[in-house]
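The primary structure of each chain is shown beneath.
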Amino acid sequence: NPVTSAANPTTPDTTSPDTTVSATTGDTGQPSGPWTSIRLPPYLVPTHYVVDLRPVLEPDSTGKYWFNGTSEAKFIVAQPTNYIYIHSNKLSYSKVEVRDSSNAVVPKTAHWLYDVNQYLVVELVEQMVGGGEYSLLTEFQGELADDLGGLYRSSYINSAGNQVVIATTQMQPTDARKAFPCFDEPALKATFDISLSHKPPYFALSNTPNNPPIPPQTPAGEYTKTKFKRTVKMSTYLLAFVVCDFDFVESQTTSGTQTRIYARPQQIAAGNANYSAGITPKILEYFEGYFNVSYPLAKSGDKEFIHLLYHLCFHSWSNYQQFLFLYSSLIRHKNCVVLCSFSFQLLKHLFNKHLLLGFGLDKFYRNQFCMFSMDQFVVSDLQRALNVDGLVSSRPIVAENVNTPSDINALFDTISYSKGACIIRMINQFAGEAAFKLGLENYLKEYAYGPVNHTQLFAFWSDAIDTTGGQNPTNSFATAMQSWTLQMGNPVVTLTRGGSGVVATQQRFLLDPNADKSQPPSPFGYIWTVPLWYSTQTLQCSPLLSSDTTLTGVASSDYIIGNYGGFGYYLVNYDNDNWMKIIDQLNNDYTKIEAKTRGQLIYDSFSLARAGELHYNISLSLTEFLKSDFYYVPWESGLDSLGYLDQMLGRSKVYGVYSSYLLSLVEPLYQNVTWVDGGSHLDQYQRVNAIWTACSYGHLDCITNAMTQFNQWKTTGNNNITANLRTSVYCNAVRYGGSDNWDFLWGKYQVESNSQEKAKLEYGLSCTRSPWVVRRFLDFIVANDSAVRKQDASSVFQDLCYNEYARDITWDFLRGNWDFIYGVYGTGFFSFSGIISSCTSHFSTQFELQELEAFKAENADQLGSGVSSVDQALEKTKTNIQWRADYEDIVFAWLSDRVVS
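It should be emphasised that the depicted structure is a prediction, and the values quoted were computed from it without experimental measurement. (Residues numbered from 1 in each chain as written. Predicted model: local features only at pLDDT ≥ 70, side-chain atom pairs only at ≥ 80, totals over all residues. Heavy atoms only, no water.)

(A) Just helix 23 (residues 790–801), in detail. Between its terminal C-alpha atoms helix 23 stretches 17 Å, which fits the 16 Å expected from 12 residues at 1.5 Å a residue. The element helix 23 is extensively covered by neighbouring structure, given that 11 of its 12 residues are classed as buried. Taken as a whole, helix 23 has its buried residues at Q791, D792, A793, S794, S795, V796, F797, Q798, D799, L800 and C801. (Helix = DSSP H or I, 4+ residues; strand = E, 2+ residues; numbered from the N terminus. Expected span 1.5 Å × (residues − 1). Buried < 20%, exposed > 50% of the residue type's maximum accessible area, 1.4 Å probe, protein only.)

Laid out in structure tokens, this is it:
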């Protein structure tokens with residue numbers, strides 16, 4: 001396909017050899033070569049980029065938006081070659097030129113696009129000299145699409161009711177190549193000189209301050225160029241820039257580092273960025289002190305927080321509401337999520353100075369330090385990761401078989417993030433805080449700007465353990481950790497009373513009781529070096545387990561609980577007698593067992609029962625103490641575990657007694673929390689749990705309260721519903737009310753500018769029970785002029801799929817519009833995988849399995865980063881079918897005995 005000119009998108013430039021041929025398959029008509037590999041060559045080492053971009057924020061005659069650009073990529077040639085290949089995606093070139101260190105043009109034979117691996121390939125007449133420095137100069141054009149990747153278009157409605165178009169970026173994981181040609185792998189760091197052209201009243205932001213400053217006045221309708229100071233050496237995916245008309249809130253650290261939070265003017269005026277502005281310097285100072293390193297950028301990121309505005313608003317961070325970077329002071333339970341999320345983003349830049357990460361291999365330990373101190377980690381990450389790792393279709397943290405850009409996107413998943421966080425947390429607990437911190441600090445100093453891998457980090461932790469007087473595993477710390485990073489899955493440790501003590505054994509845990517536990521083969525034989533923390537009524541210990549071990553000193557009258565505190569990445573099973581001792585303790589005085597462990601006991605028991613390794617009578621009996629325990633973590637774990645039963649039993653004879661049992665569990669909690677807001681952030685989470693659960697299962701007082709508050713808003717126009725409870729009220733008003741309630745919410749949604757409130761309204765709209773309203777909502781979502789933004793539509797699809805009354809209609813709609821869905825979400829793993837996972841999570845019949853298999857076959861070339869999600873959905877569906885055959889009647893019998901007719 002001929003390239004289009006950067007000056008005129010409709011005029012092809014056919015001047016040879018600057019005609020760019022697009023090759024979409026291996027049969028390109030061009031010479032075969034190393035560009036058929038997904039990995040860039042090690043002998044082309046980038047050093048510096050000069051990038052000049054002009055996003056055009058007005059549409060052309062066809063309604064499309066474009067950006068034009070020039071780029072100079074400087075690189076060193078480590079060995080002679082006459083080929084250059086560099087990442088490029090959806091860019092059209094009008095100039096491709098190579099120059100040597102003397103600025104002389106290097107003659108080329110041709111250049112072409114190898115779309116399979118998203119490369120621009122340049123063939124030179126003669127080989128470049130080994131050790132020489134060269135530059136690749138390009139002029140190009142790309143569509144400024146609203147596709148949420150690379151340099152893309154976004155918009156908002158301002159206070160005057162007008163649409164404002166802005167240009168912003170999302171480079172992670174592989175979309176910098178969509179903004180300019182680059183060596184787009186995290187290990188290939190370089191410095192950047194960025195320039196952005198824009199018209200007033202727009203201005204530009206990037207990772208560094210502008211230099212020189214923006215001219216104070218520019219004639220209307222004319223472009224001005226903002227040049228930014230050179231960046232530090234950094235990965236392409238950390239680069240960010242925006243052209244916008246936002247306002248900001250400014251603060252600074254005690255050492256004078258400037259921080260600014262940019263957002264839409266009305267959000268700044270409303271004070272919704274004040275919390276973020278206040279905590280940013282504190283987080284930055286904390287991590288600088290913790291790691292004993294300084295922040296590498298001149299500022300903590302004017303643009304970095306525009307990046308946050310998209311990246312964090314895009315994902316759902318709780319079961320009830322989207323996490324929103326623009327945090328309203330009214331929503332007090334959000335502050336811990338904002339704190340953690342800002343920590344994550346600041347750490348990315350803090351670590352950039354020191355870590356040159358191997359591509360797709362080692363990000364697990366870099367991204368997770370903000371999360372493992374949170375009390376709710378057990379339910380937010382540990383159990384989420386174990387759910388995925390219990391599937392045969394899981395993968396190791398250190399990934400293999402990465403062959404396409406879609407495979408790269410798929411690596412940004414639960415295994416990388418949640419399991420990675422779990423392993424870090426386990427290491428922290430095993431090594432101790434002093435060794436953990438010392439190992440990281442020494443590691444960062446040793447490898448500043450240098451290439452690293454995870455085994456080097458393990459070596460530093462091992463040395464730190466020795467230095468601080470700790471005890472390393474006998475087979476070395478690195479070897480022990482490889483059993484967790486290089487093989488998929490996790491163990492279940494079984495503690496069984498024997499003649500001389502308690503015997504501890506391990507085996508691989510799989511949710512499918514019929515799965516072959518030896519497949520796929522593992523070099524470690526699915527044996528792990530397990531730090532076994534355990535507790536009895538009288539003692540606590542932590543031996544290492546890699547083979548059968550006997551624990552002594554446990555009194556016959558004592559219960560024993562393994563993985564006490566939930567620090568280990570494994571499940572624990574017991575003999576029936578010990579399970580009954582634990583249940584008795586929980587029913588008599590649950591406070592004797594700490595809260596995270598109470599939550600993990602519930603999770604372990606239900607996972608084991610689902611896998612056929614524990615009778616459901618035990619796991620269900622383990623929930624009865626929740627009538628007395630009002631703490632958040634055990635309840636959240638219980639609701640998540642019982643949620644699987646809810647999905648399986650929703651259309652069965654069991655659902656009536658199941659609903660009645662849930663109501664009997666939640667009644668004391670509901671009476672305890674009341675509808676009055678207040679308390680700690682966990683108290684507020686628990687209030688949401690109580691009201692949500694009570695209303696969902698038909699608690700009359702709860703429904704009446706929700707409807708009353710909604711109707712008062714509807715009739716008076718004053719929304720006095722507590723912000724934390726609005727999602728629950730909106731949902732239940734739509735669920736139990738008429739279509740007029742849905743229409744009322746839809747009207748509010750279309751004019752709402754506050755992104756937090758908009759997310760609550762979205763969820764409420766998804767709760768309808770009327771099939772025709774569901775279908776109308778789906779049509780609204782995909783309409784060209786939809787009020788639902790593309791980055792919000794993903795969560796709406798997922799919410800509808802979790803609605804018993806909407807899921808079938810939604811799944812049929814998505815299949816029928818798969819071209820559209822794939823076009824929007826196919827390259828974004830989090831959203832794409834979330835849609836597939838949520839819409840198939842309830843599948844439990846042979847018919848649904850056949851539908852899913854046919855869907856995979858029919859869309860084999862349009863699954864992209866969602867291939868692993870479809871495979872996991874197939875595996876889950878098969879185990880769901882088996883579960884219903886094996887356990888539905890058993891659960892029915894237990895519930896029937898507990899529920900009074």
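(B) Fine view of the packing of aromatic side chains. According to the stated counting rule, one finds 48 aromatic pairs in the structure shown. Consider the rings of Y290 and F291, whose centres lie 5.0 Å apart with planes at 80°: the pair is edge-to-face. By relative accessible area, which is 11% here, Y290 ends up buried. Members of the aromatic cluster, connected to one another through ring pairs, are W35, Y83, Y85, W112 and Y119. (Phe/Tyr/Trp six-rings, centres within 6.5 Å; stacked < 30°, edge-to-face > 60°.)

(C) Broad picture of the sheet that holds strand 27 (residues 560–562). Taken in spatial order, the three strands of this open sheet run 24-23-27, and their pairing is antiparallel. Either end of the sheet is taken by a strand with one partner, and the two such strands are strand 24 (540–541) and strand 27. Here three bridges tie strand 23 (residues 534–536) to strand 27, and the two strands are oriented antiparallel to one another. The partner of S535 across the bridge, within strand 27, is I561. (Pairing = 2+ DSSP bridges.)

(D) Structural view of the pattern of salt bridges. A full pass over the atoms with the stated rule returns 32 salt bridges. Two residues, R651 and E804, come together in a salt bridge whose shortest N-O distance is 2.5 Å. With R651 in the loop between helix 15 (632–649) and helix 16 (655–673) and E804 in the loop between helix 23 and helix 24 (807–816), this pair connects stretches of sequence that are 153 residues apart. Taking relative accessible area as the criterion, E804 reaches 25% and is therefore assigned partly exposed. Linked through salt bridges whose partners overlap, the residues forming this network are R651, E804, R807 and D808. (Salt bridge = Lys/Arg side-chain N within 4 Å of Asp/Glu carboxyl O.)

(E) A look at the state of the cysteines. Considering all chains together, one arrives at three disulfides under this definition. Sulfur-sulfur distance for the disulfide between C695 and C702 comes to 1.9 Å. Measuring the twist about the S-S bond at about -95°, one finds the C695-C702 disulfide to be left-handed. Here C702 falls in the buried class, since its relative accessible area comes to 0%. (Disulfide = S-S within 2.5 Å.)

(F) Local environment of the sheet that holds strand 21 (residues 502–508). In spatial order, the strands read 26-21-20-28; together these four strands make up an open sheet with mixed pairing. The open sheet terminates on both sides in strands that have one partner only, identified here as strand 26 (549–551) and strand 28 (571–574). On average, adjacent strands in this sheet sit at an angle of 30° to one another, irrespective of strand direction. In this sheet, strand 26 lies alongside strand 21 in antiparallel orientation, the contact comprising three bridges. Looking at the pairing, V503 lines up with T550 of strand 26. Running over the sheet, helix 12 (residues 576–589) touches strand 20 (491–497) and strand 28 and is turned about 105° from strand 28. On the sheet, helix 13 (residues 595–610) packs against strand 20 and strand 28 and is oriented at approximately 75° with respect to strand 28. (Axes fitted to C-alpha atoms, helices over the stretch in contact; angles between N-to-C directions. Contact = heavy atoms within 4.5 Å.)

(G) Quick look at the environment of S628. Mapped onto the secondary structure, S628 falls in the loop between helix 14 (616–621) and helix 15. C-alpha of S628 to C-alpha of P668: the two residues are 40 residues apart in sequence and 7.3 Å apart in space.

(H) Spatial organisation of the pairing of strand 13 (residues 203–206). Across the two faces of strand 13 the burial is the same, with F203 and L205 and A204 and S206 all buried. Pairing of strand 13 with strand 15 (residues 241–244) involves four bridges; the strand directions are antiparallel. Residue pairing in the sheet places F203 in a bridge with C244 of strand 15.

(I) Just the UniProt feature "site: Transition state stabilizer" (unreviewed entry) in the chain, in detail. Summarizing the sequence annotation, UniProt attributes the feature "site: Transition state stabilizer" (unreviewed entry) to Y417 in the numbering used throughout. Mapping Y417 onto the fold places it in helix 8 (residues 414–431). Y417 gets classed as buried once you look at its relative accessible area, which sits at 13%. (UniProt positions renumbered as here; feature names shortened; annotations may be inferred.)

(J) Spotlight on the confidence of the model for the chain. Across the chain, the average pLDDT comes to 84, with 84% of residues at or above 70. Confidence over residues 1–19 falls short of pLDDT 50; this stretch has 45 contacts with residues more than four positions distant or in other chains. When the criterion is pLDDT under 50, residues 352–373 qualifies, and its contacts beyond four places in sequence or with other chains add up to 96 contacts. (pLDDT = per-residue confidence, 0-100.)

(K) Examining the environment of N741 more closely. Considering the arrangement of structural elements, one finds N741 in helix 20 (residues 739–751). The sequence separation of N741 and N711 amounts to 30 residues, and the corresponding C-alpha distance is 8.9 Å. Residues contacting N741, with those up to four places away along its chain left out, are M707, F710, K714, A733 and V734.

(L) Representation of helix 22 (residues 771–782) within the structure. Over its 12 residues, helix 22 runs 17 Å from end to end, which matches the ideal 16 Å to within 8%, given 1.5 Å per residue. All of the buried residues along helix 22 are V773, V774, F777, L778 and I781. Relative to the axis of helix 22, the buried residues are bounded by an arc of 140° and lie together on one face. Each element contacted by the buried residues of helix 22 is listed here: helix 20, helix 21 (755–765), helix 23 and helix 24. (Arc of directions from axis to C-beta.)

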